[in-house]
Amino acid sequence: MNFAISECLAKESKQTIIDYLIDKTLVEMREILGDYKQSQKLYNIIENTLISSGKMIRTKLLIYISLMGENQISDKIISQCAAVEITHLASLIHDDIIDDSLIRRSHRSIQSKYGKDVAVFAGDYMISKVFSYLAKKGLVEEISIISDTIRDMCNGEVGQNLIKYRLDISEKEYFENICGKTASFFKTVCYFGAKNAGFNQIDINKMVEFGKNLGLMFQLKDDILDLFSSKDETGKGEFVDVKEGVYTYPLLSSMNDDKYGDEIYKLLNKNKEVSLNYDELLTLRQLLIESKACILSSKKIKEFADKNRLILASLPIRESDYLYKILDKIEKN
């Protein structure tokens, strides 16, 4: 598939093109992981992973940004999307092992269904297939960029694990860690998209910054959901981070509250010695509500959203409605 955007848009709507590319990405993902059929057990695991692949936000972002320029779109975009999605899915399998998560996107996690050892190997297998696929395609830059993405993600995860249960974490440390563990993938897809669109280096760098800010917004939103939403709303457990000693931005900001900060601090300090029971976690939630932790976190999300709106306004592009909409959605929901 090679076509000029201007020619294609004259025949099909933009959404039709996007839907087509997403469908092709899903097909490509199955092709990349094709030889899992040699093992029935591995077949079941990979099938479970693909079924729970989620909203494919990273793929959509990569495609939308690629379509913001006037360059030709080639099959390479499908290869990029498939490689990013599989790598991301593999990272989620490994995350669930670390967090001992039973649920992933309203489905049983791979580690809860097949065991931790099998889940580790399944995630490793998926990543190895990505690099083998990219090498055979001759996509050298994609290999380098995705390797760097995994490196940054690992750095962030290690950094987060080394400060578990610490109550003196600075805002800087927190954002450095989530910039690696969450924002790295968003930076990567924005880089690929901007490069595909034919942006110059200055504008590519702006889009990478956009991706970083967007990833931080998603993580902050996830932090809020973990503390203030039920299992029915999120499809996963409540207070997962607190139970693991991962103290996120809402918690860190609330400990500075003049009225409720000391009580929150005492509960978290106790959590280091003896895990808080459910009633204590509900008390913590109420204290966070009283200290306006959710509001403070939402303000931080707005800061990143506003930075990204300035980035979009500075770009010499005609169509960026989707990017504005995604900022609005994260900020308001």
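Refer to the structure above for everything that follows.
Residues numbered from 1 in each chain as written. Predicted model: local features only at pLDDT ≥ 70, side-chain atom pairs only at ≥ 80, totals over all residues. Heavy atoms only, no water.

### A word on helix α8 (residues 140-162)
In this model, α8 (23 residues) spans 33 Å end to end at C-alpha, consistent with the 33 Å of a helix rising 1.5 Å per residue. Within the sequence span of α8, burial applies to Glu142, Ile145, Ile146, Thr149, Ile150, Met153, Gly156, Glu157, Gly159 and Gln160. Along its buried surface, α8 packs onto α5 (76-99), α7 (116-137), α9 (171-181) and α10 (183-197). (Helix = DSSP H or I, 4+ residues; strand = E, 2+ residues; numbered from the N terminus. Expected span 1.5 Å × (residues − 1). Buried < 20%, exposed > 50% of the residue type's maximum accessible area, 1.4 Å probe, protein only. Contact = heavy atoms within 4.5 Å.)

### Looking at unusual backbone geometry
With phi around 55°, Met56 is a residue other than glycine that occupies positive phi space. Among the structural elements, Met56 can be located in the loop between α3 (40-51) and α4 (57-66). Taking relative accessible area as the criterion, Met56 reaches 7% and is therefore assigned buried. The phi dihedral of Lys292 is positive, around 65°, even though this residue is not glycine.

### Overview of the packing of α8 against α10
Here α8 crosses α10 at 160°, and the two axes come no closer than 9 Å. Judged by the angle between their axes, α8 and α10 are roughly antiparallel. Seen from above, α8 lies across α10 with right-handed handedness. Residues Glu141, Glu142, Ile145, Ile146, Thr149, Asp152 and Met153 of α8 lie in contact with α10, whose contacting residues are Ser184, Phe185, Thr188, Tyr191, Phe192 and Lys195. Looking at the contact of α8 with α10 residue by residue, the classes come out as six nonpolar, three polar and four charged. (Axes fitted to C-alpha atoms, helices over the stretch in contact; angles between N-to-C directions. Parallel < 35°, antiparallel > 145°, perpendicular 65-115°, else oblique. Left-handed = near helix turned anticlockwise from the far one by under 90°. Nonpolar A, V, L, I, M, F, W, Y, C, P; charged D, E, K, R; others polar.)

### Observations regarding the packing of aromatic side chains
If you walk through the whole model with that rule in mind, you get nine aromatic pairs. Plain terms: the ring middles of Tyr174 and Tyr249 are 6.1 Å apart, the flat faces sit at 40° to each other, and that makes the pair tilted. Residue Tyr174 is located in helix α9, and its partner Tyr249 is located in helix α14 (residues 249-254); the two are separated by 75 residues in the primary sequence. Among the aromatic residues, those joined into a ring-pair cluster are Tyr174, Phe175, Tyr249 and Phe304. (Phe/Tyr/Trp six-rings, centres within 6.5 Å; stacked < 30°, edge-to-face > 60°.)

### Structural notes on the nonpolar core
By size, the foremost hydrophobic cluster in this structure holds 102 residues, and its most contacted members are Met126, Phe199, Met207, Phe210, Leu214 and Leu268. Element by element, the count of residues in this core is highest for α5, at 12 residues. Leave out the neighbours within four places in its chain, and Leu214 touches Leu61, Phe186, Asn308, Ile326, Leu327 and Ile330. (Core = buried A, V, L, I, M, F, W, Y, C linked by side-chain atoms within 4.5 Å.)

### What about the packing of helix α11 (residues 201-228) against helix α17 (residues 293-313)?
Where α11 contacts α17, the axes come no closer than 9 Å and their chain directions differ by 165°. The angle between the axes of α11 and α17 places the two elements in the roughly antiparallel class. Crossing angle aside, the handedness with which α11 passes α17 is left-handed. Side by side, α11 and α17 meet where Lys206, Glu209, Phe210, Asn213, Leu214, Leu216, Met217, Leu220, Lys221, Ile224 and Phe228 of the first sit next to Ala293, Cys294, Ser297, Ser298, Lys300, Ile301, Phe304, Ala305, Lys307, Asn308, Ile311 and Leu312 of the second. Residues belonging to the contact of α11 with α17 are distributed by class as follows: 14 nonpolar, four polar and five charged.

Nothing here speaks to function; it is all geometry.
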